[in-house]
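Residue-level structural notes
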Protein chains: 4
Amino acid sequence: MFARLERTKVFRDPLYGYIVVDYKIISDLIDTKEIQRLRRVRQLSGVAMVFQTAEHSRFTHSLGCYQMANLVLQNVEGIDVLNEYEKVVFLCSALLHDIGHGPFSHAFENVIQTSHEEMTVKLILNSKTEVNKVLSKVPSLASDVANVIAHGGKFPLIEALVSSQLDVDRMDYLSRDAYFTGAAYGHIDYFRILRSMKIVNKKVLVRASGVHSIESYLMSRYHMYFQVYYHPVARAYECLLEGIYSRLKDLVSNDQEVDASIDSFISVLKNNDDIDSYIDLDDAYVNGFIKQLTKSKDKILNTLANAFQNRHLFNFIDLAYEPNPELIAEIKTKYNNELKKYYYKEAKVSAVAYLHSKKSDINDIKVLLPNNQVKSLDQYSPIIKSLTQSSYKMVERIYYFED
Amino acid sequence: MFARLERTKVFRDPLYGYIVVDYKIISDLIDTKEIQRLRRVRQLSGVAMVFQTAEHSRFTHSLGCYQMANLVLQNVEGIDVLNEYEKVVFLCSALLHDIGHGPFSHAFENVIQTSHEEMTVKLILNSKTEVNKVLSKVPSLASDVANVIAHGGKFPLIEALVSSQLDVDRMDYLSRDAYFTGAAYGHIDYFRILRSMKIVNKKVLVRASGVHSIESYLMSRYHMYFQVYYHPVARAYECLLEGIYSRLKDLVSNDQEVDASIDSFISVLKNNDDIDSYIDLDDAYVNGFIKQLTKSKDKILNTLANAFQNRHLFNFIDLAYEPNPELIAEIKTKYNNELKKYYYKEAKVSAVAYLHSKKSDINDIKVLLPNNQVKSLDQYSPIIKSLTQSSYKMVERIYYFED
Amino acid sequence: MFARLERTKVFRDPLYGYIVVDYKIISDLIDTKEIQRLRRVRQLSGVAMVFQTAEHSRFTHSLGCYQMANLVLQNVEGIDVLNEYEKVVFLCSALLHDIGHGPFSHAFENVIQTSHEEMTVKLILNSKTEVNKVLSKVPSLASDVANVIAHGGKFPLIEALVSSQLDVDRMDYLSRDAYFTGAAYGHIDYFRILRSMKIVNKKVLVRASGVHSIESYLMSRYHMYFQVYYHPVARAYECLLEGIYSRLKDLVSNDQEVDASIDSFISVLKNNDDIDSYIDLDDAYVNGFIKQLTKSKDKILNTLANAFQNRHLFNFIDLAYEPNPELIAEIKTKYNNELKKYYYKEAKVSAVAYLHSKKSDINDIKVLLPNNQVKSLDQYSPIIKSLTQSSYKMVERIYYFED
Amino acid sequence: MFARLERTKVFRDPLYGYIVVDYKIISDLIDTKEIQRLRRVRQLSGVAMVFQTAEHSRFTHSLGCYQMANLVLQNVEGIDVLNEYEKVVFLCSALLHDIGHGPFSHAFENVIQTSHEEMTVKLILNSKTEVNKVLSKVPSLASDVANVIAHGGKFPLIEALVSSQLDVDRMDYLSRDAYFTGAAYGHIDYFRILRSMKIVNKKVLVRASGVHSIESYLMSRYHMYFQVYYHPVARAYECLLEGIYSRLKDLVSNDQEVDASIDSFISVLKNNDDIDSYIDLDDAYVNGFIKQLTKSKDKILNTLANAFQNRHLFNFIDLAYEPNPELIAEIKTKYNNELKKYYYKEAKVSAVAYLHSKKSDINDIKVLLPNNQVKSLDQYSPIIKSLTQSSYKMVERIYYFED
């Protein structure tokens with residue numbers, strides 16, 4: 001049904017050796033400008049300020065997800081319940097799930113008030129995008145891929161494989177972020193996990209004999225969160241970005257001129273349906289206008305842009321580690337003025353190794369016992385059950401900028 | 001004080017790149033026959049029946065412990081509280097701590113009713129061994145090294161570094177066993193751990209900022225236990241050995257002749273102070289007499305030896321997984337005879353990710369907070385606290401041999 | 001003499017585990033904006049178009065060179081002939097040797113007609129740079145570091161260690177580029193090489209017993225050249241850049257307006273002593289103005305910028321592989337017009353595994369025989385001798401752009 | 001045609017992640033005692049005296065060859081010219097090709113005067129072996145597998161894939177020996193090689209675009225020879241073995257009694273068709289009787305056995321490195337007596353990176369040019385051509401034993 005390439009394409013990848021593409025439609029999608037744009041958006045934004053080798057892009061992760069989807073198709077027992085069309089929906093969803101990410105995504109989503117998932121869906125459905133043009137050659141494919149990404153419910157098995165507690169996205173990014181940061185925690189045994197999975201009644205189950213590999217994976221993920229993704233210095237870098245974004249937004253709202261080329265940014269601020277402008281935004285775009293802003297006449301933009309450029313980051317206090325009420329009071333007083341909005345930030349992050357959401361079935365990992373009974377992971381594994389509570393960790397920090 | 005080699009010796013090692021020896025005494029110890037014997041004793045005995053590449057010897061692990069001790073001396077803050085003599089005690093203890101292991105050690109210790117630690121101490125102190133001769137060139141060194149290994153209390157810091165919840169032994173063997181089995185769990189971040197450690201008042205503390213690396217290490221160790229060290233097939237292989245050992249012991253006790261060359265084995269059975277005979281025992285020795293026993297006139301030895309040789313292992317039932325009372329009853333009936341002793345075995349193994357023994361300080365990991373307060377690991381880390389209970393796992397299996 | 005940090009700084013690095021900094025001056029240099037700018041300049045430019053994970057920056061390589069210099073100081077026999085001042089000169093030179101690189105350096109050097117080494121020296125000596133301010137705290141340090149990089153002859157041993165046939169630069173980049181591309185060829189055994197090196201009479205010699213590791217290193221380097229650095233697609237990407245740069249240069253020379261913000265670029269074109277503008281140039285800068293040029297009114301800039309943005313690369317013909325004289329004639333005819341300058345390029349690259357330059361001693365690797373005789377590598381190793389001729393390879397390609 | 005297992009078996013392997021078995025016949029072969037015996041024969045014999053971690057067995061290599069054959073079937077273009085029967089012949093041949101190896105094979109082949117290939121063929125064809133019983137369930141399979149191993153000419157393509165200049169055997173052992181020794185040279189890019197290969201007219205060709213990966217592979221192999229396989233200390237260990245074997249053989253020929261249990265050894269010495277005795281021989285067997293010989297009344301056996309046990313190896317002189325004619329003369333004089341046979345050995349080893357044997361087509365690697373022309377590797381690659389001569393290296397050593 002789906003055309004194959006005459007000769008398969010391969011992409012060298014340090015994690016998998018090679019990533020193999022043989023469907024023509026996958027090759028065409030990789031060549032679209034929406035996917036190519038991801039070469040210019042780093043996967044881990046400010047994390048590279050701490051783990052300096054974390055310079056890999058969302059493009060390499062997107063190829064990696066696609067490859068992990070291939071590995072699912074080759075290794076998971078029972079996956080042949082998907083027909084070829086569904087397999088292609090799966091592969092396309094894996095490849096495309098991140099195209100909606102903006103540059104320095106965390107800070108960015110706050111300012112444009114949409115999520116990257118929503119933007120991904122828009123880009124897939126909007127007839128002006130190259131991705132849409134490629135998908136539209138096959139009836140219903142664009143809307144089906146969008147349905148998967150939007151958790152629309154039409155393909156629950158594919159949704160679970162693309163985005164759940166145990167999906168191709170997480171399996172690739174934990175491995176990849178560990179490889180590129182050099183952090184030891186993310187080395188998950190994905191092949192063991194894949195061989196533990198079994199599709200029964202269109203649900204992803206994990207054999208009881210493989211639960212240890214899931215326990216290990218959940219702990220890896222947890223440690224990556226606190227050691228890498230939530231690293232205070234990475235967040236301090238993003239505070240600078242948020243300060244700049246906020247200031248720009250305020251100036252734009254008040255119709256004040258900004259002395260830098262930021263038309264696309266303004267356009268997206270006003271209307272995030274402006275796909276052309278959205279596509280225009282990438283790390284280079286943001287780095288570019290921040291560099292221009294180092295000469296801005298606006299004092300705040302000028303200060304923050306220079307700080308960004310030369311890695312003069314926000315300071316921070318960890319409220320649990322350094323419970324210094326006097327210092328905190330002093331800082332709060334100092335920033336209790338119009339600068340507070342740009343120079344001061346209270347941030348909370350929290351994570352737990354595993355959360356069994358009662359609302360949503362997709363967020364529960366199910367275990368298949370030898371007697372064919374099925375249990376929730378936290379019911380089956382006492383370790384996981386205890387971690388659902390004990391591993392909950394909240395970090396509260398005050399970030400502030402000192403000139 | 002201690003002589004150095006003219007040119008440092010290096011041993012290529014896949015884990016560390018190179019293992020460097022520059023003290024002459026270490027080089028001399030490596031050349032003794034007690035250390036060289038460890039080349040002929042596999043680290044993981046029957047595990048190679050499941051993870052076929054787990055063929056590495058206790059010799060490579062012993063060099064690895066020595067190297068890990070070097071890394072401790074180079075990287076741990078405050079370690080210079082040890083003077084040069086004490087550092088050499090530490091290096092020698094790390095290198096020598098396993099010389100008392102017999103072949104297929106687990107099964108072996110049962111039959112000769114002593115522990116490998118006791119045997120190590122005997123070998124270090126007995127003036128007939130080459131190890132003793134080398135150590136005795138330095139006054140008190142042999143007895144001090146023996147003191148460390150026997151947990152004699154003279155050098156509590158060195159004891160803690162050589163054998164505790166977080167020591168050079170475990171850090172090497174988890175890494176090494178992971179490398180040689182290909183199991184993914186054991187990849188601990190030992191460099192991060194070493195940099196988290198700090199010696200304060202002659203105690204090993206772990207900085208609060210490094211606790212995540214300890215959490216990760218404890219989970220790795222836990223998973224290695226159940227996935228590798230306690231693997232049912234590895235145990236099934238050792239059941240064969242225990243059957244053979246028991247039968248031999250019974251024949252010897254009854255002064256019956258054994259049609260194989262097992263003088264040293266018999267000698268050690270009768271008197272484990274017979275050092276010469278003990279040194280004679282290694283994997284080759286055991287494999288050798290088992291091969292002879294494949295032609296034994298004793299029916300039981302003949303059967304078990306042939307089974308051993310051709311990997312015809314004991315069957316097993318996991319009582320939790322396959323709660324089949326009828327089958328169990330049937331097996332118990334079948335083996336309720338004089339064969340039971342050799343053909344049937346009830347085995348329990350248990351482990352927990354972390355145990356804070358109230359009795360012994362050495363078995364508690366201590367955390368150093370930023371305010372210089374010190375807490376027990378399980379008090380400090382809610383994750384560890386919960387795991388001390390939830391991770392307790394006992395596996396009960398019935399092993400039985402079917403001809 | 002040189003101040004140490006109170007607590008050593010470490011940088012996680014996937015190649016070395018950790019990079020350790022304990023001299024305050026090294027820490028201060030890393031914080032300068034000239035070094036920080038290298039975070040925004042990719043090491044391999046267009047290579048990421050082929051090896052998509054080759055996204056690492058010159059910053060990580062600079063830290064890596066510094067670390068390799070540390071490894072030299074720790075492992076090479078005889079290196080203590082350097083006093084502490086000279087060791088610091090060595091470490092600073094290793095860290096700083098690449099700060100003069102512009103964005104997409106290869107194409108860039110052509111257009112501004114200077115080399116990155118010259119620019120590095122300028123940045124080190126110019127009193128306006130932060131690097132110069134840090135170095136100038138120690139008398140003569142700035143000029144001595146510049147002397148090393150300019151091959152000024154004051155410190156021949158340090159020069160040889162920083163830039164020769166076998167230096168810290170090459171040893172880091174081969175390892176690093178292999179790690180980040182996933183190409184298998186660059187895995188050199190640098191520890192073995194370091195242990196083979198010996199400093200005698202202030203010269204770097206390689207022991208005869210380690211020559212095999214040098215042979216292997218030279219072959220690795222050679223294969224990295226042709227498989228990675230000279231990859232035709234990477235070059236095709238740089239052709240686009242060169243087309244854009246040339247067009248911009250022509251417009252600027254003719255005082256025509258350019259509809260993009262390229263003041264710093266223009267300033268450097270006119271005067272490469274303009275340090276402030278030079279520092280302003282990085283990958284983001286170039287990507288930024290190329291994005292603006294996608295809307296340029298200049299047809300050529302508009303075309304090439306759009307092609308660059310969407311990875312519509314130059315085509316190429318390899319003259320040796322596809323000796324198609326008709327096609328070549330056709331192409332030459334087609335581009336025989338005013339577009340030729342921007343749309344057509346004849347490119348030759350060549351390399352040889354080892355070249356013993358008779359002119360310059362620094363480019364010869366010297367072998368130390370057991371009898372203390374010293375021979376040139378190509379005299380000693382028949383393999384290398386034969387490779388000096390047989391491995392010479394020249395690749396001639398015609399690149400051309402089709403709209 | 002060939003039965004599949006109900007559930008595929010997997011073997012964890014550090015090189016490939018997992019080795020997958022789904023043909024029942026392969027699983028049955030792995031369980032035979034001839035294959036299981038290889039667990040007790042180390043791949044690299046005396047090399048573990050130098051690279052102490054080189055303790056892996058021929059069993060793991062045999063599984064690895066089988067896996068590499070699987071990778072060939074999955075990745076090489078044109079391989080589907082083989083039908084299923086031929087594919088199974090290929091897989092079986094890869095798995096079984098080393099079953100004829102004796103313990104410490106190099107020294108052993110000299111004394112029993114046969115090659116391991118001949119023994120492999122005998123074991124496959126002899127109806128008493130378990131391997132033969134398994135293969136004989138399929139008509140003609142045993143003789144066809146034997147034909148491949150004996151280079152009988154019936155399946156030239158399979159022969160080339162199993163044993164040539166570029167075959168599954170070499171690709172596995174170079175990778176494996178590098179992994180287990182920690183030597184850096186053997187890391188070949190086998191996936192790149194497999195993708196370069198193409199089967200045309202039942203011949204294995206290598207695309208010109210992949211020749212660099214072959215050049216790199218040949219250099220790796222070459223360096224592994226001299227750095228690992230021919231390491232003088234490994235050979236010094238084997239000299240001891242040869243001395244022991246020779247002395248035993250002489251005693252046996254003269255009908256003198258030997259005071260150790262060596263019936264099987266004697267039986268094989270007299271008749272290498274005695275399959276049962278042959279199977280009995282493994283490393284444990286040899287280590288076992290050597291340990292008995294440490295108490296032998298025969299002075300020579302006693303001396304050599306004790307030396308073997310305690311790693312008191314032969315000394316050696318490298319004639320090229322240490323051209324000390326006086327020492328050599330002295331040694332020759334000293335050993336010019338009846339001990340010479342056991343205590344003195346002149347050894348030559350030589351290798352070349354690539355040899356294009358004019359006699360045998362199978363030993364030439366053929367290159368496929370873009371124009372479909374085919375050239376010999378040494379005609380196509382100037383590097384290889386030069387290495388055929390320049391890389392030839394002969395090492396001559398005198399080994400001698402000093403009590």
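In case you missed it, the structure is sitting above this.
Residues numbered from 1 in each chain as written. Chains lettered and ligands numbered in written order. Predicted model: local features only at pLDDT ≥ 70, side-chain atom pairs only at ≥ 80, totals over all residues. Heavy atoms only, no water.

**Things to note about the interface of chain C and chain A**
Counting from both sides, the interface comprises 40 residues of chain C and, opposite them, 40 residues of chain A. The contact between chain C and chain A buries some 3,400 Å² in all, and 44% of this surface belongs to carbon and sulfur atoms. Summed over the three residues of chain C that lose the most area to chain A, namely Arg12, Arg39 and Gln52 of chain C, the buried surface amounts to 21% of that side. Linking chain C with chain A are four salt bridges. (Contact = heavy atoms within 4.5 Å. Buried area = accessible area lost by both parts, 1.4 Å probe. Salt bridge = Lys/Arg side-chain N within 4 Å of Asp/Glu carboxyl O.)

**Comments concerning the sheet that holds strand E6 (residues 344-351) of chain C**
Residues and elements named next belong to chain C. On the basis of which strands lie adjacent, the open sheet formed by three strands has the order E5-E9-E6 and antiparallel pairing. Looking along the sheet, the strands with just one partner apiece sit at the ends: strand E5 (315-318) and E6. Each neighbouring strand pair of the sheet contributes to a mean axis angle of 25 degrees, computed without reference to strand direction. Here E6 pairs with strand E9 (residues 393-400) via eight bridges, running antiparallel. Across the sheet, residue Val349 finds its bridge partner in E9, namely Val395. Its contacts with the sheet place helix H18 (residues 325-334) against E5, E6 and E9, and it is angled at close to 50 degrees to E9. (Pairing = 2+ DSSP bridges. Helix = DSSP H or I, 4+ residues; strand = E, 2+ residues; numbered from the N terminus. Axes fitted to C-alpha atoms, helices over the stretch in contact; angles between N-to-C directions.)

**Focus: the packing of helix H4 (residues 84-96) of chain D against helix H8 (residues 141-149) of chain D**
Each pair of packed helices can be described by the angle between their axes along with the distance between the axes. Residues and elements named next belong to chain D. At a minimum axis separation of 9 Å, H4 and H8 run at an interaxial angle of 60 degrees. Viewed along their axes, H4 and H8 adopt a mutual orientation that is oblique. Relative to H8, the crossing made by H4 is right-handed. Between H4, through Tyr85, Val89, Cys92, Ser93 and Leu96, and H8, the contact on the second element is made entirely by Leu141, Asp144, Val145, Val148 and Ile149. (Parallel < 35°, antiparallel > 145°, perpendicular 65-115°, else oblique. Left-handed = near helix turned anticlockwise from the far one by under 90°.)

**Focus on the relation of the copies chain C and chain A**
Taken as rigid bodies, chain C and chain A are interconverted by a rotation of 180 degrees and an axial shift of 0.0 Å, the fit giving an RMSD of 0.0 Å. Both copies are brought into coincidence by an operation consistent with a two-fold rotation axis. The rotation axis passes nearest to the C-alpha of Ala284 of chain C in chain C, at a distance of 2.3 Å. (Least-squares fit on C-alpha atoms with pLDDT ≥ 70 in both.)

**Let's talk about helix H3 (residues 58-75) of chain B**
All names here are of chain B. End to end, H3 covers 25 Å across 18 residues, agreeing with the expected 26 Å (1.5 Å per residue, within 8%). For H3, the tally of buried residues reaches 16 of 18 residues, placing the bulk of the element in the interior. Capping the start of H3, Ser57 holds a side-chain oxygen 3.2 Å from the backbone nitrogen of Phe59, two or three residues further along. (Expected span 1.5 Å × (residues − 1). Buried < 20%, exposed > 50% of the residue type's maximum accessible area, 1.4 Å probe, protein only. Polar contact = N/O pair within 3.5 Å; in protein donor to acceptor, adjacent residues only side chain to side chain.)

**Focus: the packing of aromatic side chains**
All names here are of chain C. Summed over all chains, the structure comprises 97 aromatic pairs over all chains. For the ring pair Phe316 and Tyr399, a centre distance of 5.6 Å and an interplane angle of 50 degrees mean the geometry is tilted. Here Phe316 is found in strand E5, whereas its partner Tyr399 is found in strand E9, with 83 residues between them in sequence. On the basis of relative accessible area, Tyr399 is assigned to the buried category, the value being 1%. (Phe/Tyr/Trp six-rings, centres within 6.5 Å; stacked < 30°, edge-to-face > 60°.)

**Focus: helix H21 (residues 382-390) of chain A**
Taken together, the buried positions of H21 of chain A are Ile383, Ile384, Ser386, Leu387, Thr388 and Ser390 of chain A. Along its buried surface, H21 of chain A packs onto helix H12 (211-229) and helix H20 (377-380) of chain A together with helix H12 (211-229) and helix H21 (382-390) of chain B.

**Let's talk about the relation of the copies chain B and chain A**
The two copies are related by a screw operation: chain B maps onto chain A through 180 degrees of rotation and 0.0 Å of translation along the axis, at an RMSD of 0.0 Å. A shared interface surface links the copies, since 100% of the contact residues of chain B are contact residues in chain A too.

**A few points about the interface of chain B and chain A**
Facing the 23 residues of chain B at the interface are 23 residues of chain A. One can count zero salt bridges joining chain B with chain A. Counting across the chain B and chain A interface gives nine residue pairs in polar contact (both at pLDDT 80 or more). The set of elements that each furnish at least two residues to the side of chain B that touches chain A consists of H12 and H21 of chain B. In terms of residue count, the dominant contributor to the side of chain B that touches chain A is H12 of chain B (eight residues). Its residues assigned to classes, the side of chain B that touches chain A shows eleven nonpolar, nine polar and three charged. (Nonpolar A, V, L, I, M, F, W, Y, C, P; charged D, E, K, R; others polar.)

**Here's the deal with the pattern of salt bridges**
For the structure shown, the criterion picks out 103 salt bridges over all chains. Taking the shortest distance from any N to any O, the salt bridge between Lys122 of chain C and Asp273 of chain C comes out at 2.8 Å. With Lys122 of chain C in helix H6 (residues 116-125) and Asp273 of chain C in the loop between helix H14 (263-270) and helix H15 (275-280), the pair connects residues that are 151 residues apart, well separated along the chain. One salt bridge in this structure joins Arg170 of chain D and Asp167 of chain D, with 2.7 Å as the shortest N-O distance. By relative accessible area, which is 1% here, Asp167 of chain D ends up buried. Through salt bridges that share partners, Arg7 of chain A together with Glu77, Lys198 and Arg207 of chain D make up one connected network.

**Quick look at the side chain of Arg195 of chain C**
Its location among the elements puts Arg195 of chain C in helix H11 (residues 190-196). Of the side chains with opposite charge, Glu77 of chain C lies nearest to the buried Arg195 of chain C, which makes no salt bridge, at 7.3 Å. Apart from residues no more than four positions distant in its own chain, Arg195 of chain C is found in contact with Arg7, Thr8 and Val10 of chain B together with Arg207 of chain C. (Lys, Arg positive; Asp, Glu negative; His and termini not counted.)

**A short note on the environment of Ser27 of chain D**
All names here are of chain D. Along the polypeptide, Ser27 turns up in helix H1 (residues 24-30). Separated by 83 residues in sequence, Ser27 and Asn110 have C-alpha atoms that sit 33 Å apart. Those residues in contact with Ser27 that sit more than four places away from it in its chain are Leu5, Lys9 and Val21. Engagement of the side chain of Ser27 in a polar contact is seen with the side chain of Lys9, the distance being 2.8 Å.

**Here we look at the packing of helix H16 (residues 283-293) of chain D against helix H17 (residues 299-309) of chain D**
Residues and elements named next belong to chain D. Contact pair H16 / H17: the axes reach a minimum separation of 8 Å and the direction vectors enclose 125 degrees. Classed by the angle they form, the pair H16 and H17 counts as oblique. When the axes of H16 and H17 are compared, the crossing they make is left-handed. Residues Asn287, Ile290, Lys291 and Leu293 of H16 form the contact with H17, whose participating residues are Leu301, Asn302, Ala305, Phe308 and Gln309. Classifying every residue of the contact of H16 with H17 gives five nonpolar, three polar and one charged.

**Section: the sheet that holds strand E6 (residues 344-351) of chain A**
Residues and elements named next belong to chain A. Read across the open sheet, the three strands follow the order E5-E9-E6; overall the sheet is antiparallel. The open sheet has two edge strands, strand E5 (315-318) and E6, and neither has a second partner. Mean inter-strand twist for the sheet, computed between neighbouring axes without regard to direction, equals 25 degrees. The strands that helix H18 (residues 325-334) touches are E5, E6 and strand E9 (393-400); relative to E9, the one it contacts most, it runs at about 50 degrees.

**A closer look at the environment of Lys198 of chain A**
Looking at the element boundaries, Lys198 of chain A is found in strand E3 (residues 197-200). A sequence separation of 45 residues divides Lys198 of chain A from Gly153 of chain A, and the C-alpha atoms of the two residues are 20 Å apart.

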